[in-house]
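Coordinate analysis (summary)
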Amino acid sequence: MNTTMVDQLNDLVNETHQKGSKTMLIYESLARERMREAEQAAKNQRLVRRLNSAKRWQRISRWAATRAERANDLL
């Protein structure tokens, strides 16, 4: 093989590797973005559960206070 043909093959191989790397980086970036979105969704769900739990405990607290007040009135 002559040197120009070897150089052309080397250039082609390097170009292919660079394109492959760029493609991989795009997929990695998309995967990272999906993970961030999933983490944010999980964070939002945790917040909603905490708020619902707080509301539930407030209702229970009000019910218990009302019941205790009625019990004191009966004494």
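Our subject is the structure that appears above.
To start, this report covers the structure provided alongside it. (Residues numbered from 1 in each chain as written. Predicted model: local features only at pLDDT ≥ 70, side-chain atom pairs only at ≥ 80, totals over all residues. Heavy atoms only, no water.)

1. Quick look at the overall build of the protein
Short version of the rule: A run of H or I in DSSP becomes a helix once it reaches four residues, and a run of E becomes a strand once it reaches two; helices and strands are each numbered from the N terminus. Burial classification: accessible surface area is computed with a 1.4 Å probe over protein chains only, and a residue below 20% of its type maximum counts as buried, one above 50% as exposed, and the rest as partly exposed. Only the protein chains shown count as cover for residues, and all accessible areas are computed by the Shrake-Rupley method using a 1.4 Å probe.
Summing up its helical and strand segments, the protein has 1 helix and 0 strands in all. Relative to its 75 residues, the protein shows a buried fraction of 0%. When the accessible area of the protein is evaluated, it comes to approximately 7,400 Å², of which 57% is carbon and sulfur surface.

2. Overview of the pattern of salt bridges
Rule in force here: The term salt bridge refers to a pairing of a side-chain nitrogen on Lys or Arg with a carboxyl oxygen on Asp or Glu at a separation within 4 Å.
Overall, the coordinates contain 2 salt bridges when judged by the stated rule. A salt bridge links Arg32 to Glu28; the shortest N-O distance between them is 3.8 Å. Here Glu28 and Arg32 lie together in helix 1 (residues 3–74), a separation of 4 residues that amounts to about one turn. Overall, Glu28 belongs to the partly exposed group, its relative accessible area being 32%.

3. Description of a nonpolar patch on the surface
Cut-off, in case you're wondering: Like charges are joined within 9 Å and nonpolar side chains (Val, Leu, Ile, Met, Phe, Trp, Tyr) within 5 Å, but only among residues with over 30% relative accessible area and no salt bridge; these make up the patches.
Among the surface-exposed residues, Ile26, Tyr27 and Leu30 lie close enough to one another that they form a single nonpolar patch of about 320 Å² accessible area. Checked against the element boundaries, Ile26 lands in helix 1.

4. A few points about a positive patch on the surface
Threshold: Neither His nor the chain ends contribute to the count of charged residues, in which Lys and Arg are positive and Asp and Glu negative. Taken as the charge location is NZ of Lys, CZ of Arg, CG of Asp or CD of Glu.
Taken together, the side chains of Lys55, Arg56, Arg59 and Arg62 make up a positively charged region of the molecular surface. Position of Arg62 relative to the elements: it lies in helix 1. On the basis of relative accessibility, which here comes to 54%, the residue Arg62 falls in the exposed class.

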